[in-house]
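The primary structure of each chain is shown beneath.
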Amino acid sequence: RPPRSRSSTKVLVVLEPPEVQRFSPEGFDVVLTWQEEHLKALPGAHLFLPATPWLVPAEWPRFHGDAKRRSLGFLRGSKTRTEGHRLRHAV
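Residues numbered from 1 in each chain as written. Predicted model: local features only at pLDDT ≥ 70, side-chain atom pairs only at ≥ 80, totals over all residues. Heavy atoms only, no water.

Asker: Can you help me understand the overall build of the chain in this one?
Answerer: A tally of helices and strands in the chain yields two helices and three strands. Along its sequence from the N terminus, the chain presents helices and strands in the succession β-β-α-β-α. Taking 12 Å as the expected radius of gyration for a compact globule of 91 residues, we find that the chain reaches 18 Å, considerably beyond that expectation. With the C-alpha coordinates of the chain rotated into their principal frame, the extents come out at 55 × 35 × 25 Å. Looking at the chain as a whole, 10% of its 91 residues qualify as buried. Looking at the chain alone, contacts between residues at least 24 apart form 13% of all its contacts between residues at least 6 apart. Total accessible area on the chain is roughly 8,200 Å²; 56% of this is exposed by carbon and sulfur atoms. When the 15 positive and 9 negative side-chain charges of the chain are each reduced to one mean point, those points stand 5 Å apart. (Helix = DSSP H or I, 4+ residues; strand = E, 2+ residues; numbered from the N terminus. Rg over C-alpha atoms; globule rule 2.2 N^0.38 Å. Buried < 20%, exposed > 50% of the residue type's maximum accessible area, 1.4 Å probe, protein only. Contact = heavy atoms within 4.5 Å. Areas by Shrake-Rupley, 256 points an atom, 1.4 Å probe, with all protein chains shown as cover. Lys, Arg positive; Asp, Glu negative; His and termini not counted. Charge placed at Lys NZ, Arg CZ, Asp CG, Glu CD.)

Dropping the structure here:
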């Protein structure tokens, strides 16, 4: 649909993998994505990684040097539809 004003910018933020959600980038001025095919094919695409650290910078020193433990932890749901879902269950 057309923009509401001449100064508006339509932005699409891609979070889901293509196995979960397909979309049309038509009509968007900017596409924020992590998918390589979008970055190569769309002139308005920019690299965007939809993840942030869970610690604020003031907390980082508590986990450096001897205080740092090597480990892995993550949440997983019951979905097994995509390769990433199945990997989380396998781990």
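Now, onward.
Asker: Could you clarify how one ought to interpret the side chain of His 38 in this entry?
Answerer: Looking at the element boundaries, His 38 is found in helix α1 (residues 36-41). Overall, His 38 belongs to the buried group, its relative accessible area being 8%. Looking at His 38, its side chain comes within polar contact range of the side chain of Thr 33, at 2.9 Å. Residue contacts for His 38: discarding those within four places in its chain leaves Val 14, Phe 23, Thr 33 and Ala 45. (Polar contact = N/O pair within 3.5 Å; in protein donor to acceptor, adjacent residues only side chain to side chain.)

Asker: I tried to follow the environment of His 85 on my own but got confused; where do I start?
Answerer: Examined against the element boundaries, His 85 turns out to sit in helix α2 (residues 83-90). Look at His 85 and you get buried, because its relative accessible area is 11%. Excluding its chain neighbours within four sequence positions, the residues that come into contact with His 85 are Val 20, Lys 79 and Thr 80. Here Arg 81 takes part through its backbone nitrogen, which lies 3.4 Å from a polar atom of the side chain of His 85.

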